[in-house]
Amino acid sequence: HLGRGILRLAHATTAQLELTTESRPVCRRLADELGETVNLAIADTGEVTNILQEYGSSAVSGRNWTGQRTPLRATASGKVLLAWADDDMVKQALAGELLEYTQYTINDAAALEAELKKVRHHGWASTVEELELGLNAIAAPVRNATGDVVAAVGVSGPSYRLTVDSFPEVSPRLLYGAREISARLGYFERRPPIDDE
């Protein structure tokens with residue numbers, strides 16, 4: 001049993017290393033393009049862990065989120081990871097004592113369910129001052145070769161720069177980056193066949 005556990009851990013470490021390596025150039029380009037901080041995050045025992053961070057030109061003195069664990073329901077990356085997770089992970093996100101990080105944090109099961117439905121529909125998630133006042137974020141799913149959502153790539157910035165009005169302009173660029181990382185991991189989207197007229 002110990003050997004199997006070590007093997008599983010080694011596989012997880014290798015997968016994470018590949019994820020970081022393949023994501024870095026795309027995250028760096030996104031940070032340059034968007035001028036804000038770009039993070040890559042994974043779900044980790046009921047929370048989000050940021051495993052990579054690149055700074056944009058506008059991020060003068062940004063906080064280093066690498067290695068930081070944040071709540072799934074209060075971050076854009078967390079919402080992405082929850083939107084494509086199994087029911088147990090969603091239940092777990094709403095279990096126990098739910099801290100209210102700001103007055104905008106989602107603490108209600110029905111509200112979270114509605115939010116995750118919206119995320120699946122749009123293909124990206126956002127948070128508006130839900131983890132920290134003055135901080136907004138958008139995130140998109142990263143898929144592995146089998147199509148599973150294994151990470152989220154997100155951009156965060158001050159709410160006066162990364163405004164809600166800018167989300168429709170920023171989200172397609174982030175989605176493009178997420179698809180590029182996914183392709184580097186071996187995932188290729190199946191597009192519906194085009195009917196010949």
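Parameters at a glance
Residues numbered from 1 in each chain as written. Predicted model: local features only at pLDDT ≥ 70, side-chain atom pairs only at ≥ 80, totals over all residues. Heavy atoms only, no water. Salt bridge = Lys/Arg side-chain N within 4 Å of Asp/Glu carboxyl O. Helix = DSSP H or I, 4+ residues; strand = E, 2+ residues; numbered from the N terminus. Buried < 20%, exposed > 50% of the residue type's maximum accessible area, 1.4 Å probe, protein only. Expected span 1.5 Å × (residues − 1). Arc of directions from axis to C-beta. Polar contact = N/O pair within 3.5 Å; in protein donor to acceptor, adjacent residues only side chain to side chain. Contact = heavy atoms within 4.5 Å. Pairing = 2+ DSSP bridges. Axes fitted to C-alpha atoms, helices over the stretch in contact; angles between N-to-C directions.

1. Observations regarding the pattern of salt bridges
Next up, step 1: For the coordinates displayed, the defined rule picks out 14 salt bridges.
Next up, step 2: Residues Arg69 and Asp44 are paired through a salt bridge, measuring 2.8 Å at the closest nitrogen-oxygen approach. Of the two residues, Arg69 sits in strand β3 (residues 69-71) while Asp44 sits in strand β1 (residues 37-44), which places them 25 residues apart along the sequence.
Next up, step 3: Judged by relative accessible area, which is 37%, Arg69 ranks as partly exposed.
Next up, step 4: Two residues, Glu47 and Arg69, come together in a salt bridge whose shortest N-O distance is 2.9 Å. Remark: Arg69 occurs in strand β3 and Glu47 occurs in strand β2 (residues 47-54); sequence separation between them is 22 residues.
Next up, step 5: A residue is classified by how much of its surface remains accessible, and Glu47, at 28% relative accessible area, is partly exposed.
Next up, step 6: Taken together, the shared-partner salt bridges in this structure form one network comprising Arg29, Glu33, Glu169, Arg173 and Glu180.

2. Remarks on helix α5 (residues 167-184)
Residues three or four positions apart in an α-helix share a direction because the helix packs 3.6 residues into each turn.
Next up, step 1: Its 18 residues place the ends of α5 25 Å apart at the C-alpha level, agreeing with the 26 Å of an ideal helix rising 1.5 Å per residue.
Next up, step 2: Where α5 is concerned, the buried positions are Phe167, Val170, Ser171, Leu174, Leu175, Gly177, Ala178, Ile181 and Ser182. Considered in projection along α5, the buried side chains sweep an arc of 165 degrees and stay on one side of the axis. Looking at α5, the residues exposed on the side facing more than 90 degrees away from the buried face are Glu169 and Tyr176.
Next up, step 3: Just downstream of α5 lies Gly186, where phi reads positive at about 100 degrees.

3. Some details on the side chain of Glu54
Next up, step 1: Relative to the elements of secondary structure, Glu54 occurs in strand β2.
Next up, step 2: Using a relative accessible area of 13% as the deciding quantity, one classes Glu54 as buried.
Next up, step 3: Separated by 3.4 Å, the side chains of Glu54 and Arg28 make a polar contact.
Next up, step 4: Residue contacts for Glu54: discarding those within four places in its chain leaves Arg24, Cys27, Arg28, Ala31, Glu36, Thr37 and Val38.

4. Examining the environment of Leu72
Next up, step 1: Here Leu72 is to be found in the loop between β3 and α2 (76-83).
Next up, step 2: The spatial distance from the C-alpha of Leu72 to the C-alpha of Val48 is 5.7 Å, given a sequence separation of 24 residues.
Next up, step 3: Those residues within four positions of Leu72 in sequence are excluded, and the remaining contacts are Gly46, Glu47, Val48, Gly78, Lys79, Leu81, Leu82, Met89 and Ala93.

5. Overview of the sheet that holds β1
Strand pairing in a sheet relies on backbone hydrogen bonds. The paired strands run either parallel or antiparallel.
Next up, step 1: Strand order in the open sheet formed by six strands is β3-β2-β1-β6-β5-β4, with antiparallel pairing between adjacent strands. The open sheet has two edge strands with one neighbour each: β3 and β4 (125-128). Strand-to-strand twist across the sheet, computed as the mean angle between neighbouring axes with direction ignored, equals 30 degrees.
Next up, step 2: Two elements, strand β5 (residues 135-143) and strand β6 (residues 149-158), share nine bridges in a ladder whose sense is antiparallel. By the bridge assignment for β6, Ala137 is matched with Ser156.

6. Some thoughts on the pairing of β2
Next up, step 1: Where burial is concerned, most of β2 is hidden: seven out of the eight residues are buried.
Next up, step 2: One ladder, built from seven bridges, connects β1 with β2; its direction is antiparallel. Bridging across to β2, Asn39 finds its partner in Gln53.
Next up, step 3: What sits between β1 and β2 in their antiparallel hairpin is a turn of two residues, with Thr45 showing a positive phi close to 40 degrees.
Next up, step 4: In terms of strand pairing, β2 meets β3 through three bridges, oriented antiparallel.

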